[in-house]
Structures are given as C-alpha cells and as structure tokens.
Amino acid sequence: LSSNKNSTPKEELEATIELLKSNQGFDVSCTFPARYEFIKSNFNDIPSFDLNTCSELNKYLKSFPKDKLSIVFTSEYTNNPSSAFGHIMLLFSNENEPLEIGDVVHFAAKTSTDDNFLKYSYKGMTGQYNGYFIREPFFKKIYEYNTLEQRYMYIYTLDFTKEEIRTILYHLYELRKA
C-alpha cells in the first residue's frame, strides 16, 4: 500500500493506517482483513469496519470448511527431487465430517525440468524459485500422494479456535493474488 516500491515494513504500516483513516478505509479493510484486524487491535484511533459486510471476503470464507485446522506432512517421493524434503499442507475441515472432503492449501515452487539435484537444492534453499499457492480438495492429494506415489501422510490436528482459523483464512485471502 505504500507508494514506495521498496518500502520498509514501518512505511507499509504507516501507509496502511493512513488509508484506513481515509475515505478508502472500508475497502482497505475488506482487501486486507488480517492486516486490518492486527492494526485495529494494536493501534488507537482506527475506524471500526464490519468485515461481515465485505461481500467478496465473506464469499471466500464461506467456501472453506473451517471448524478444524490440521497440518499434513507428506514424505518425500524418491522419483522426484523436488519433493526431497516432503510437502506440507494446511487442511481445513469441519467437525463430524471425513477429512477427505476438507480443503488443503499448499505452496509449490515453479521449478525447471533441466535443474539437476544440486542446482535444484541450491536454488530451493536460497529462495530463487518463484512459487504459488494451490487450494484443492484433500481427497485429490490423498489419491496423488498416498495411492499413486505411495508416500506417507501424517496429519496433525491443531488446537486452534475458530477465530484463529478465521485469522489464517484472512491471511490466505490477502495472499490469494500472490
């Protein structure tokens, strides 16, 4: 939100606060709900906006199962060096429903097929790959990882409240175009 392309976190915070106090405040709060909630709870004189009236945000939230949050760790796949460290996903699910119908969100790197193992390892560990977020039904990942690739999947359900899960979804909403 800062006009400076190479802004510092402080400059970005100041620009966000300034916009929240302007006539664009409601739109900014709807576009950056996690940022808004953090600023609102930590700074004085921030206007109150009802995030329940943000139509696009609420459409996004309603599309997620959100009673439980788990982390899924998938073991490595020896036929593919890009999975040398396994894979981690966030699994959103509802109480009293099978985990398989939950949604997973995970991050993947855009790798090149001509990268050998050393080049891949170096570029991966130094953050030289661009990446993207993926959201898909968990049953597809079970089929891909567990059935086709015969990888182990470990699921750890986290002790998060619904409000904490909503905050994570707010963050994902802000990153949806990243």
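Calculation notes
Residues numbered from 1 in each chain as written. Predicted model: local features only at pLDDT ≥ 70, side-chain atom pairs only at ≥ 80, totals over all residues. Heavy atoms only, no water. Disulfide = S-S within 2.5 Å. Helix = DSSP H or I, 4+ residues; strand = E, 2+ residues; numbered from the N terminus. Buried < 20%, exposed > 50% of the residue type's maximum accessible area, 1.4 Å probe, protein only. Phe/Tyr/Trp six-rings, centres within 6.5 Å; stacked < 30°, edge-to-face > 60°. Lys NZ or Arg CZ within 6 Å of the ring centre and 35° of its normal. Axes fitted to C-alpha atoms, helices over the stretch in contact; angles between N-to-C directions. Parallel < 35°, antiparallel > 145°, perpendicular 65-115°, else oblique. Left-handed = near helix turned anticlockwise from the far one by under 90°. Contact = heavy atoms within 4.5 Å. Pairing = 2+ DSSP bridges. Patch = residues over 30% accessible without salt bridge, like charges linked within 9 Å, V, L, I, M, F, W, Y side chains within 5 Å. Areas by Shrake-Rupley, 256 points an atom, 1.4 Å probe, with all protein chains shown as cover. Salt bridge = Lys/Arg side-chain N within 4 Å of Asp/Glu carboxyl O.

Before going further, it helps to spend a moment on the state of the cysteines. This model, assessed by the stated rule, comprises one disulfide. The residue that forms a disulfide with Cys 30 is Cys 54, at a sulfur-sulfur distance of 1.9 Å. Measuring the twist about the S-S bond at about -70°, one finds the Cys 30-Cys 54 disulfide to be left-handed. One end of the pair, Cys 30, is in helix H2 (residues 25-31); the other, Cys 54, is in the loop between helix H3 (33-42) and helix H4 (55-62), with 24 residues separating them in the sequence. Pair check on accessibility: Cys 30 and Cys 54 agree, each one buried.

On to the packing of aromatic side chains. In this structure the tally under the stated criterion is eight aromatic pairs. Their ring planes at 35° and their centres at 6.3 Å tell us that Tyr 152 and Tyr 154 sit as a pair that is tilted. The exposure class assigned to Tyr 152 is exposed, which follows from its relative accessible area of 57%. Sitting over the ring of Tyr 173, Arg 176 keeps its end group 3.7 Å from the ring centre.

Right, let's talk about the packing of H4 against helix H7 (residues 162-175) for a bit. Packing of H4 against H7 leaves a shortest axis separation of 11 Å and a crossing angle of 120°. Judged by the angle between their axes, H4 and H7 are oblique. Of the two elements, H4 crosses H7, and the hand of that crossing is right-handed. Mapping the contact onto sequence places Glu 56, Leu 57, Tyr 60 and Leu 61 in H4 and Leu 169, Tyr 170, Leu 172 and Tyr 173 in H7.

A few words now on the sheet that holds strand E5 (residues 153-157). Overall, antiparallel pairing links the five strands, which are arranged E4-E3-E2-E1-E5 in an open sheet. Bordering the open sheet on either side are strand E4 (131-137) and E5, each of which pairs with just one other strand. On average, adjacent strands in this sheet sit at an angle of 25° to one another, irrespective of strand direction. Note: strand E2 (residues 87-93) against strand E3 (residues 103-109), four bridges, orientation antiparallel. The residue bridging Phe 92 from the neighbouring strand is Asp 103, located in E3. Of the strands in this sheet, strand E1 (68-74), E2, E3, E4 and E5 are in contact with helix H6 (residues 138-148), which crosses E4 at around 105°. H7 rests against E1, E2, E3 and E4 of the sheet, and its axis sits at about 120° to E2.

As a further point, take a nonpolar patch on the surface. On the surface, a cluster of nonpolar side chains totalling about 270 Å² of accessible area is made up of Phe 107, Phe 133 and Leu 175. When you line up the elements, Leu 175 lands in helix H7.

As a working rule, side chains carrying opposite charge can pair if their charged atoms are close by. Across all of its chains, the model carries nine salt bridges by this definition. We note a salt bridge from Glu 12 to Arg 35, for which the minimum N-O separation is 2.8 Å. Note that Glu 12 is positioned in helix H1 (residues 9-20) and Arg 35 in helix H3, a separation of 23 residues in sequence. The exposure class assigned to Glu 12 is buried, which follows from its relative accessible area of 17%. According to the relative accessible area criterion, Arg 35 is partly exposed, its value standing at 25%. A salt bridge links Glu 56 to Arg 176, with the nearest nitrogen and oxygen atoms 3.4 Å apart. Of this pair, Glu 56 sits in helix H4 while Arg 176 sits in the segment after H7; the two residues are 120 residues apart in sequence, bridging distant segments of the chain. On the accessibility criterion, Glu 56 (48% relative accessible area) is partly exposed.

Remember, this is a structural readout, not a statement about activity or role.
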